[in-house]
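Residue strings, one per chain:
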Amino acid sequence: MHESRPLLFGLCVFGMLLSGCQTMRRYGPMAPAVTACREYSQQGLIALEQEHWELAEQLFSKAVETCPDDVDARRHHAEALWNRGRRDEAVAQLERAIALDSENAGLRVRATAMRLAMGRVESARREIETALDIDPNLASAWAMRARVLRAAGDPARSMADYHRALGYLPDD
């Protein structure tokens, strides 16, 4: 009886694959491009951590080239570019990441911070409003909107948003 179990199991797996079941395929080997992208990204993260901005930029550039749809590779590439002073390119890279993951409020908060640092207050305001539409409970979005409002010369609303951010994350 026990000798037939491996055969029965094998037949079940074979049947699942023939029927189109994705369970077995989901954990199969990764595409070489994805593997390469992850390797470049891991090395890039180490370079970012060590503040080796040029190396990080090169590694994330390779990661993005290898796998253009990887949102995290694009986000980290933007950070490396930003730290090298290539701000317009950093914002462009982050915009591409947002295009790939338009519902990621955290990406939009970072894009707002970059735009605000570049003096693009109106663009920053539009971006942070979109982030808050996506996730109205995100403390970092309320804090960023407070910074945008302060830069726009509205200290009263800015203070209210800082308080709202503290309401969502009181220990911050």
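For the structure, see preceding data.
Residues numbered from 1 in each chain as written. Predicted model: local features only at pLDDT ≥ 70, side-chain atom pairs only at ≥ 80, totals over all residues. Heavy atoms only, no water.

## Points about the overall build of the chain
Line of reasoning, step 1. Scanning the chain from terminus to terminus reveals 10 helices and 0 strands.
Line of reasoning, step 2. Reading the helices (α) and strands (β) of the chain from amino to carboxyl end gives α-α-α-α-α-α-α-α-α-α.
Line of reasoning, step 3. The 172 residues of the chain split such that 33% are buried.
Line of reasoning, step 4. Pairs at least 24 residues apart make up 45% of the contacts formed inside the chain by residues separated by at least 6 positions. (Helix = DSSP H or I, 4+ residues; strand = E, 2+ residues; numbered from the N terminus. Buried < 20%, exposed > 50% of the residue type's maximum accessible area, 1.4 Å probe, protein only. Contact = heavy atoms within 4.5 Å.)

## Quick notes on the packing of aromatic side chains
Line of reasoning, step 1. In this structure the tally under the stated criterion is 0 aromatic pairs.
Line of reasoning, step 2. The ring of Trp 82 carries the charged tip of Arg 87 above its face, separated from the ring centre by 4.0 Å.
Line of reasoning, step 3. Here the guanidinium or amino end of Arg 110 rests over the ring plane of Trp 82, the centre of that ring lying 5.6 Å away. (Phe/Tyr/Trp six-rings, centres within 6.5 Å; stacked < 30°, edge-to-face > 60°. Lys NZ or Arg CZ within 6 Å of the ring centre and 35° of its normal.)

## Thoughts on the nonpolar core
Line of reasoning, step 1. In this structure, Val 109, Leu 116, Ile 128, Ala 131, Ala 141 and Met 144 are the most contacted members of the largest nonpolar core, which totals 13 residues.
Line of reasoning, step 2. Secondary structure elements with two or more residues in this core: helix 7 (105-117), helix 8 (121-134) and helix 9 (139-151).
Line of reasoning, step 3. If sequence neighbours within four positions are ignored, Ile 128 has contacts with Val 109, Thr 112, Ala 141, Met 144 and Arg 145.
Line of reasoning, step 4. Counting residues in hydrophobic clusters, the runner-up holds 12 residues, among them Ala 78, Val 91, Leu 94 and Ala 111. (Core = buried A, V, L, I, M, F, W, Y, C linked by side-chain atoms within 4.5 Å.)

## Remarks on the side chain of Arg 115
Line of reasoning, step 1. By secondary structure assignment, the location of Arg 115 is in helix 7.
Line of reasoning, step 2. Only 2.5 Å separates the side chain of Arg 115 from the side chain of Glu 95, close enough to count as a polar contact.
Line of reasoning, step 3. If sequence neighbours within four positions are ignored, Arg 115 has contacts with Val 91, Glu 95, Arg 120, Ser 123, Ala 124 and Glu 127. (Polar contact = N/O pair within 3.5 Å; in protein donor to acceptor, adjacent residues only side chain to side chain.)

## Concerning the pattern of salt bridges
Line of reasoning, step 1. According to the stated counting rule, one finds 14 salt bridges in the structure shown.
Line of reasoning, step 2. In this structure, Asp 72 and Arg 75 form a salt bridge, with 3.2 Å as the shortest nitrogen-oxygen distance. Linking Asp 72 with Arg 75, this pair stays in helix 5 (residues 71-83), spanning 3 residues, or about one helical turn.
Line of reasoning, step 3. Arg 126 is the salt-bridge partner of Glu 122, the closest N and O atoms lying 3.9 Å from each other. Highlighted residues: Glu 122 and Arg 126, both in helix 8, separated by 4 residues, approximately one helical turn.
Line of reasoning, step 4. Residue classification places Arg 126 among the partly exposed positions, given a relative accessible area of 46%.
Line of reasoning, step 5. A network of salt bridges, in which partner residues are shared, links Glu 57, Arg 84, Arg 86 and Glu 89. (Salt bridge = Lys/Arg side-chain N within 4 Å of Asp/Glu carboxyl O.)

## Here's the deal with helix 10 (residues 155-168)
Line of reasoning, step 1. End to end, helix 10 covers 20 Å across 14 residues, agreeing with the expected 20 Å (1.5 Å per residue, within 8%).
Line of reasoning, step 2. Those residues of helix 10 lying buried are Ser 158, Asp 161 and Ala 165. Down the axis of helix 10, the buried set is contained in an arc of 65°. They therefore lie on one face. In helix 10, the exposed positions angled more than 90 degrees off the buried face are occupied by Ala 156, His 163 and Gly 167. (Expected span 1.5 Å × (residues − 1). Arc of directions from axis to C-beta.)

## Digging into the environment of Ala 47
Line of reasoning, step 1. Topologically, Ala 47 is positioned in helix 3 (residues 32-49).
Line of reasoning, step 2. With 12 residues separating them along the chain, Ala 47 and Leu 59 place their C-alpha atoms 8.6 Å apart.
Line of reasoning, step 3. Not counting residues up to four positions away in its chain, the partners in contact with Ala 47 are His 52, Leu 55, Ala 56 and Leu 59.

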